[in-house]
Amino acid sequence: SQTIHQWPATLVQPVGSPLSLECTVEGTSNPNLYWYRQAAGRGLQLLFYSVGIGQISSEVPQNLSASRPQDRQFILSSKKLLLSDSGFYLCAWSDSGGAKDTQYFGPGTRLTVL
Amino acid sequence: QQQVKQSPQSLIVQKGGISIINCAYENTAFDYFPWYQQFPGKGPALLIAIRPDVSEKKEGRFTISFNKSAKQFSLHIMDSQPGDSATYFCAAKNEGGSEKLVFGKGTKLTVNP
């Protein structure tokens, strides 16, 4: 069965510090991968998605970036965090084959920027 | 045209009652409509999904009703329980188009005991 992991689970970082959040998926090959941000009590904002290694589509211009160095690894980064980067970051995957509509979410990373 | 409008923003229901959450869309190319359930501090989990070839899908106490002509779909939770208290998101996708899901803004459901 497929499993999606995110770490760290929680993170407190000062303004201006760098960021690296990691997401890995097990039990599937060539998944579509997604990064979402959820502000407190708000909806899901799609940040990036990837349909293959090195293929990243950005949805929202910001100081965040994403990379996909391996087939089942998706990384969200920032060189300098802003207060507005605080939120709940969710990674998701979907099948790139037949059953490609459903997205499965990871447990999330709670980021607080102080 | 890519929006999915979800209502209400919050909903309070008594135990045993029926919870109803509504969503509307504009893009007629959408052909996959899932609902996600999210508990505090957790990632959203797929609850139930429907395609436009049927008008209703039921899984246990959860039912999706789909009205293609009105471009609306709704989630009904029968015999609502306190354990159903969560935030619910509707979404839509065009299978032949983008790989992205378009999400509604969410409904916070509280079921009082």
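Rules used throughout
Residues numbered from 1 in each chain as written. Chains lettered and ligands numbered in written order. Predicted model: local features only at pLDDT ≥ 70, side-chain atom pairs only at ≥ 80, totals over all residues. Heavy atoms only, no water. Helix = DSSP H or I, 4+ residues; strand = E, 2+ residues; numbered from the N terminus. Rg over C-alpha atoms; globule rule 2.2 N^0.38 Å. Buried < 20%, exposed > 50% of the residue type's maximum accessible area, 1.4 Å probe, protein only. Contact = heavy atoms within 4.5 Å. Salt bridge = Lys/Arg side-chain N within 4 Å of Asp/Glu carboxyl O. Pairing = 2+ DSSP bridges. Axes fitted to C-alpha atoms, helices over the stretch in contact; angles between N-to-C directions. Core = buried A, V, L, I, M, F, W, Y, C linked by side-chain atoms within 4.5 Å. Disulfide = S-S within 2.5 Å.

We now examine the overall build of chain B. Scanning chain B from terminus to terminus reveals zero helices and 11 strands. Order of helices (α) and strands (β) in chain B, N terminus to C terminus: β-β-β-β-β-β-β-β-β-β-β. In summary, chain B has a C-alpha radius of gyration of 14 Å against a globular reference of 13 Å for 113 residues, a match within 12%. The C-alpha extent of chain B, read off along each of the three principal axes, is 45 × 30 × 20 Å. Evaluated residue by residue, chain B yields a buried proportion of 43% over its 113 residues. Restricting to contacts in chain B with at least 6 residues of sequence separation, those with at least 24 account for 54%.

Moving on to the pattern of salt bridges. Here the structure, examined in full by the defined rule, presents six salt bridges over all chains. One salt bridge in this structure joins Glu59 of chain A and Lys100 of chain B, with 3.1 Å as the shortest N-O distance. Taken together, the residues span two chains, with Glu59 of chain A in the loop between β6 (55–58) and β7 (64–70) and Lys100 of chain B in the loop between β9 (86–92) and β10 (102–103). Given the relative accessible area of 31%, Glu59 of chain A is considered partly exposed. Judged by its relative accessible area of 25%, Lys100 of chain B falls in the partly exposed class. Here Glu26 of chain B and Lys71 of chain B are joined by a salt bridge, their closest N and O atoms 3.7 Å apart. Note that Glu26 of chain B is positioned in the loop between β3 (19–25) and β4 (33–38) and Lys71 of chain B in the loop between β7 (62–67) and β8 (72–77), a separation of 45 residues in sequence. Judged by relative accessible area, Lys71 of chain B falls into the partly exposed class, the value being 22%.

Residue and element names in this part refer to chain B. Spatial ordering of the open sheet is given by β1-β3-β8-β7-β6, a layout of five strands whose pairing is antiparallel. Both outer strands of the open sheet, β1 (4–7) and β6 (56–59), are each paired with one neighbouring strand and no more. Adjacent strand axes in the sheet meet at a mean angle of 15°, parallel and antiparallel pairs treated alike. As defined by bridge partners, β3 adjoins β8 across six bridges and the pair is classed as antiparallel.

Our next topic: the nonpolar core. Val4, Phe33, Trp35, Phe73, Leu75 and Tyr88 of chain B are the most contacted members of the largest nonpolar core, which totals 25 residues. Secondary-structure elements contributing two or more residues to this core are β2 (10–14), β3, β4, β5 (45–50), β7, β8, β9 and β11 (107–112) of chain B. It is β9 of chain B that contributes the most residues to this core, four residues altogether. Counting residues in hydrophobic clusters, the runner-up holds 20 residues, among them Ile4, Leu81, Tyr89 and Cys91 of chain A.

Let us look at the state of the cysteines. Tallied over the full model, the rule gives two disulfides over all chains. Through a disulfide, Cys23 of chain A is tied to Cys91 of chain A; the S-S separation comes to 2.0 Å. Between Cys23 of chain A and Cys91 of chain A, the S-S torsion sits near -75°, and that sign places the bridge as left-handed. Taken as a pair, Cys23 of chain A in strand β3 (residues 19–26) and Cys91 of chain A in strand β9 (residues 87–94) lie far apart in primary sequence, 68 residues in all. Of the residues examined, Cys91 of chain A reaches a relative accessible area of 0% and is grouped as buried. Across the disulfide, Cys23 of chain B is cross-linked to Cys90 of chain B (sulfur-sulfur distance 1.9 Å). Across the disulfide from Cys23 of chain B to Cys90 of chain B, rotation about the S-S bond amounts to roughly -95°, and the bridge is consequently left-handed.

Residue and element names in this part refer to chain A. Ordered by their spatial adjacency, four strands build an open sheet running β1-β3-β8-β7, and the pairing between neighbours is antiparallel. Single-partner strands in this sheet number two, and they are β1 (3–7) and β7. Across the sheet, the mean angle separating the axes of adjacent strands is 20° when strand polarity is ignored. Pairing geometry for β1 and β3, over five bridges, is antiparallel. Opposite Ile4, over in β3, you have Val25 as the bridge partner.

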